[in-house]
Amino acid sequence: MDLTNLPIANAHRAALRSIERVVGETAPAQDPSAARRGIAAMLADGPVLLLSGAGVSTDSGIPDYRGPNGSLRRHRPMTYQEFRHDPTARHRYWARSFVGWRHMADTAPNDAHHAVAEMERRGWLSGVVTQNVDGLHVRGGSRAVVPLHGDLDRVVCLNCGHVEARRGLDRRLAAANPGFIERVELDPASVNPDGDVTLAQEHVEAFSMVGCLNCGSVELKPDVVYFGENVPPERKRLVSELEDKSTGLLVVGSSLAVMSGYRMVLNAERAGKPVGIINAGPTRGDSRAAWRWRARVAPALGELLGAR
């Protein structure tokens, strides 16, 4: 990557600051029973907009970023600037993702995803905005879902804009790399939320990338928002529409370290709408939330469903 290009270098450094952000305590802990009752009252006055983060998918075997066992403790995600402007880094990503994606593709919705879908069916939610790129909310039964950061199931060509299903690309990569998967020993616990895994350099060098079906370019990218990349305007519009018809915001399983999610908390606060948070640890939005329930996501959602 050409760090002598000032705009690219500045954007890359800003992305690194976002990745490295540490979320600490910003508000005192609340009594769990009081927080649960407050969030239940929010839902009763709904519909509420639900924002979900990586903590919703950890029980499906997908690690979060900033939790006690989060992937950031062993792995720094690639920034958009690296992916876009460093062919070597992009090739390394695809070699590693070719291995890690099959673990992501084999994951299944867990109790938290099913609980969110049931909350939507009961009319408690106006919709779900998820920071996750695993597609598990839709597979778990939720209908009004905005994948804020995209979906790993799609691949877009940075050269011509052609979109391809990830499963189709995976078949083409498998044909171009016979025996590659068998030569790699994968620890499922090492798979990161973006499907990336660590590979020995010899495997990266042996990997063959395929080109776009439309133009032949190897500048292919998962259709997800990387650190250092903006959320597409159309998704922002969909989020804004859901915010307008919601009575409040419920954050579930997110530390809100990334601005795209934290902004939704700020928007709710400006609109005078209550914010509730269910998360195992502290979040960036705690000081702005009316209700802060420190709990594991799936059991907490199950309690809310059983209480009404």
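These numbers come from a predicted model, not from an experiment.

Cut-offs applied
Along each chain, residues carry numbers from 1 onward, in the same order as the chain's sequence is written. Since the coordinates come from a predicted model, pLDDT governs what is reported: local features require at least 70, and pairs of side-chain atoms require 80 or more to be given and counted, while whole-chain, interface and lining totals use all residues. With hydrogens and water stripped out, all remaining heavy atoms of the structure feed into the side-chain values. When DSSP finds at least two bridges between two strands, those strands are taken to pair. Counting from the N terminus, the helices are DSSP H or I runs at least four residues long and the strands are E runs at least two residues long. Orientation is described by axes fitted as lines to C-alpha atoms, over the contacting stretch for helices, and by angles from 0 to 180 degrees between their N-to-C directions.

Asker: How would you explain the sheet that holds strand 6 (residues 220-224) if you had to name every residue and give the values?
Answerer: The pairing of strands in a sheet happens through backbone hydrogen bonds and is either parallel or antiparallel. Pairing is antiparallel in the open sheet, where 3 strands are placed in the order 5-4-6. Pairing within the sheet leaves two strands with one partner each, and these edge strands are strand 5 (163-165) and strand 6. The average undirected angle you get between the axes of adjacent strands in this sheet is 40°. Two strands pair when backbone bridges link them, and strand 4 (residues 150-157) and strand 5 are joined in this way by 3 bridges, in the antiparallel orientation. Counterpart to Val-155 in the pairing with strand 5 is Glu-164.

Asker: Tell me about the sheet that holds strand 1 (residues 48-52), residues and numbers included.
Answerer: Taken in spatial order, the 6 strands line up as 3-2-1-7-8-9 in an open sheet, and their pairing is parallel. Of all strands in the sheet, those with a lone pairing partner are strand 3 (145-147) and strand 9 (291-294), marking the two edges. Ignoring strand direction, the axes of neighbouring strands in this sheet form an average angle of 15°. Pairing analysis gives 4 bridges linking strand 8 (residues 275-279) to strand 9, with the strands arranged parallel. Residue pairing in the sheet places Ile-277 in a bridge with Arg-292 of strand 9.

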